[in-house]
Amino acid sequence: MFKTGQLSRAFEIDRTSLNYYVRTGLLNPEILDNQYHTYSFQDFVALSYIRHYRGLGFSMAQIKALTRQEDNQEKLADCQQEMQTIEDQIRLLRLQQRYLENFMNLLHFYEKYRDHPVLLMTETYYFIRREDLRDPVFKALYKQLPSNEFAAVCDEDFKVTLQPQSAQGLVMKETWVKEFQLTLPKQAICYPSEKRCLCAFRVSGKNFDSQMQTALRSLYARMEKQGVQLRREFVIYLLISKYNQADEYFDIYVDIPLKALD
């Protein structure tokens, strides 16, 4: 027989947790006249399994079910389901790592090429709208990392119109899709690898629209002098924002396709 203190020390678990396991029926100690609990060898074994299942990631509801299953096939099915959950979590963490690496690359680009447009061959990537997200990993990514990509178009006066709904989704590079063997929905929008104009610039929070116009007018004029014509449809990323302060500003990154020759 084991006293509460002995069981608590043996498993490095507090009395509150032990009492919780008793209330939920996972442990069945004998209650003495003085209201003290004494635990049997079966309780000792049961607690070791509870700790083991907890360590494997099972919830308390799952543990209750596992401890009541006589058939090991049921336990195997639950373990296989938990294995899939863990694999999804690993994929999610590794994808988060790729997004972080990509964000760091954008920051490096911004510091190196701010106000200095460059022509580069971009990577193929996909945009998956929020309503088309089915894969649980995609859904989890979207909740944690909603896109900061906005489809935009500018008129002849370089007045920019953003399409906020375009940001309601997930950006996924083709290399990531292949690396993690992800299945894209049929509705995913593909942005193929092509030579595009990339540029970054900073605008203050005051007169945001007029500063965007000025920056884009200068960018288009500069590229035309180099013999490069740019389309009026492009993608905008808001890299960093400092707002609700006297010196608020936005760092803008634009990705503009080249205009096809007539």
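Remember, it's a predicted structure, so these values are computed and weren't measured experimentally.

Scoring rules and cut-offs
- Residues numbered from 1 in each chain as written.
- Predicted model: local features only at pLDDT ≥ 70, side-chain atom pairs only at ≥ 80, totals over all residues.
- Heavy atoms only, no water.
- Phe/Tyr/Trp six-rings, centres within 6.5 Å; stacked < 30°, edge-to-face > 60°.
- Helix = DSSP H or I, 4+ residues; strand = E, 2+ residues; numbered from the N terminus.
- Buried < 20%, exposed > 50% of the residue type's maximum accessible area, 1.4 Å probe, protein only.
- Lys NZ or Arg CZ within 6 Å of the ring centre and 35° of its normal.

Asker: Go over the packing of aromatic side chains, please, and point to the residues and values.
Answerer: Note on aromatic pairs: each is described by the distance of the centres and the angle between the planes. All told, the structure shown has eleven aromatic pairs when counted by the stated rule. Seen in terms of ring centroids, Tyr125 and Tyr191 are 4.8 Å apart; in terms of plane orientation they differ by 10 degrees. Their pairing is stacked. Taken together, the positions of Tyr125 in strand β5 (residues 125-129) and Tyr191 in strand β9 (residues 189-191) put the pair 66 residues apart, joining distant regions of the chain. Consider the rings of Phe158 and Tyr220, whose centres lie 5.2 Å apart with planes at 65 degrees: the pair is edge-to-face. Here the residue Phe158 occupies a position in the loop between β6 (149-154) and β7 (160-163), and Tyr220 occupies one in helix α8 (residues 208-225), the gap between them amounting to 62 residues. By relative accessible area, Phe158 is classed as buried at 9%. Residue Tyr220 is classed as buried on the basis of its relative accessible area of 4%. Through pairs of rings, three or more aromatic residues link up here, namely Phe109, Tyr113, Tyr237 and Tyr253. One Lys or Arg, Arg202, reaches over the ring of Tyr249 and ends 4.1 Å from the middle of that ring. One residue, Arg232, lies across the ring of Phe158, its end atom 4.5 Å from the ring centre.

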